[in-house]
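This is what each chain is made of:
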Amino acid sequence: MNEIKRRVLAVRTSKIIYREGDTVLKVFDSDYSKADVLNEALNQARVEETGLNIPRLLDVLTENGKWAIRTEFIEGVTLEKMMTDSPEKTDEYLAMFVDLQMNVHEKRVPLLGKLRDKLDRKICETDIDATTRYELHMSLESMPKHKKLCHGDFNPTNIIITNSGVPYILDWAHATQGNASADVAQTYLLFMLAGKDELAASYLDLFCEKSGTEKKYIQKWLPIVAAAQCAKRRPEERDLLMQWVNIMDYE
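Residues numbered from 1 in each chain as written. Predicted model: local features only at pLDDT ≥ 70, side-chain atom pairs only at ≥ 80, totals over all residues. Heavy atoms only, no water.

Chemist: Even after reading the chapter, I still don't get the overall build of the protein chain, so can you show me in this structure?
Modeler: Along the backbone of the protein chain there are ten helices and ten strands. Its C-alpha radius of gyration of 18 Å places the protein chain within 12% of the 18 Å reference for a compact globule of 251 residues. Along the longest, intermediate and shortest principal axes, the C-alpha atoms of the protein chain span 65 × 45 × 35 Å. The 251 residues of the protein chain split such that 46% are buried. Considering only intrachain contacts with a sequence separation of at least 6, the fraction spanning at least 24 residues in the protein chain is 65%. Accessible surface, the protein chain: about 13400 Å² in total, of which carbon and sulfur atoms supply 48%. Positive and negative side-chain charges of the protein chain, numbering 34 and 40 respectively, have mean locations separated by a distance of 4 Å. (Helix = DSSP H or I, 4+ residues; strand = E, 2+ residues; numbered from the N terminus. Rg over C-alpha atoms; globule rule 2.2 N^0.38 Å. Buried < 20%, exposed > 50% of the residue type's maximum accessible area, 1.4 Å probe, protein only. Contact = heavy atoms within 4.5 Å. Areas by Shrake-Rupley, 256 points an atom, 1.4 Å probe, with all protein chains shown as cover. Lys, Arg positive; Asp, Glu negative; His and termini not counted. Charge placed at Lys NZ, Arg CZ, Asp CG, Glu CD.)

As structure tokens, this is what we get:
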């Protein structure tokens, strides 16, 4: 029997992602939380049941003392690369991106963890001063309670377009149920952290236009999601995130 060759697709913090035949194997570091690995696999399985185009979960396993998740490999190109290679089509690709996210938000997955609880926990994990943390917790508590499917890391690197033009959404590790505007605020923040201010603004305008959402409603989530992002303690992000955290009220 021929051994299937393994090729590195990406190296991320605490994990390496391989292609192995027609599958993808995400291998976590030996000290990575077993509970987090199993939760990611469970998220994937639950979101699969919505009928969204996502890679199918195939296996959860250990090798050499490391936990791993195997999913099907989706042949195609990331939306990020398409945007980079064809900047003249940015508006077209951004419209596709927003439509995909709105489609995600239409789904319900009642057994997923709650976004509100996750944000609350992340704020507690930051080194933000106690008074500001209290204000953030109070602001979060006052937000409308929804149960929409939220991706949590919705950005063009997590969208694969197949050769036949079918979009697939990857990486459901951060999936929760909650308020879609928080998910949109997170995507906006990810564009800003990547230095794509103009794209961030265009994205937010387009999402509000297509969904009929008031921009102020999404902006109210920015201090909260920025604070949660601070829990990752990335020094290069700190200054920008704290600018958002310190804007607690929008006119």
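Chemist: Would you explain the sheet that holds strand β8 (residues 159-161) in this entry?
Modeler: Where strands meet in a sheet, backbone hydrogen bonds hold them as pairs that are either parallel or antiparallel. Read across the sheet, three strands follow the order β6-β8-β9 without closing on themselves; strand pairing throughout is antiparallel. Both outer strands of the open sheet, β6 (77-78) and β9 (167-169), are each paired with one neighbouring strand and no more. Here three bridges tie β8 to β9, and the two strands are oriented antiparallel to one another. Paired with Ile-159 across the bridge in β9 is Ile-169. (Pairing = 2+ DSSP bridges.)

Chemist: Where do I start with the layout of surface pockets in this structure?
Modeler: Rolled over the atoms, a probe sized like a water molecule indicates the empty space that remains. Approximately 190 Å³ is the volume found for the second largest pocket. Of all elements in the fold, only α3 (90-105), α6 (180-193) and α7 (197-211) reach the threshold of two or more residues within the lining of the second largest pocket. Residues belonging to the lining of the second largest pocket are distributed by class as follows: four nonpolar, six polar and three charged. (1 Å grid on protein atoms, 1.4 Å probe; cavity = no way out; pocket = protein on both sides within 12 Å on 5 of 7 lines; lining within 4 Å. Points joined across faces, edges and corners; volume = space filled by probe spheres on them. Nonpolar A, V, L, I, M, F, W, Y, C, P; charged D, E, K, R; others polar.)

Chemist: I keep staring at the pattern of salt bridges and nothing clicks. Help me out?
Modeler: Where charged atoms from two side chains of opposite charge come close, those side chains can pair. Scanning all chains against the criterion turns up 15 salt bridges. Of the charged contacts in the structure, one is a salt bridge between Glu-20 and Arg-70, with a shortest N-O distance of 2.9 Å. Of this pair, Glu-20 sits in strand β2 (residues 15-20) while Arg-70 is found in strand β5 (residues 66-72), placing the two residues 50 residues apart along the sequence. The two residues Glu-20 and Arg-70 agree in class, both being buried. Residues Lys-26 and Glu-40 are paired through a salt bridge, measuring 2.6 Å at the closest nitrogen-oxygen approach. (Salt bridge = Lys/Arg side-chain N within 4 Å of Asp/Glu carboxyl O.)

Chemist: What is the right way to look at the sheet that holds strand β4 (residues 57-63) in this model?
Modeler: With antiparallel pairing, five strands are arranged side by side in an open sheet as β1-β2-β3-β5-β4. Two strands in the sheet have a free side with no partner beyond their single neighbour: β1 (6-12) and β4. When strand polarity is set aside, the average angle formed by the axes of neighbouring strands in this sheet is 25°. Across six bridges, the pairing between β1 and β2 is antiparallel. Within the sheet, the bridge partner assigned to Arg-7 lies in β2 and is Arg-19. Contacts from helix α1 (residues 34-48) reach β3 (23-28), β4 and β5, with the element oriented near 15° to β5. (Axes fitted to C-alpha atoms, helices over the stretch in contact; angles between N-to-C directions.)

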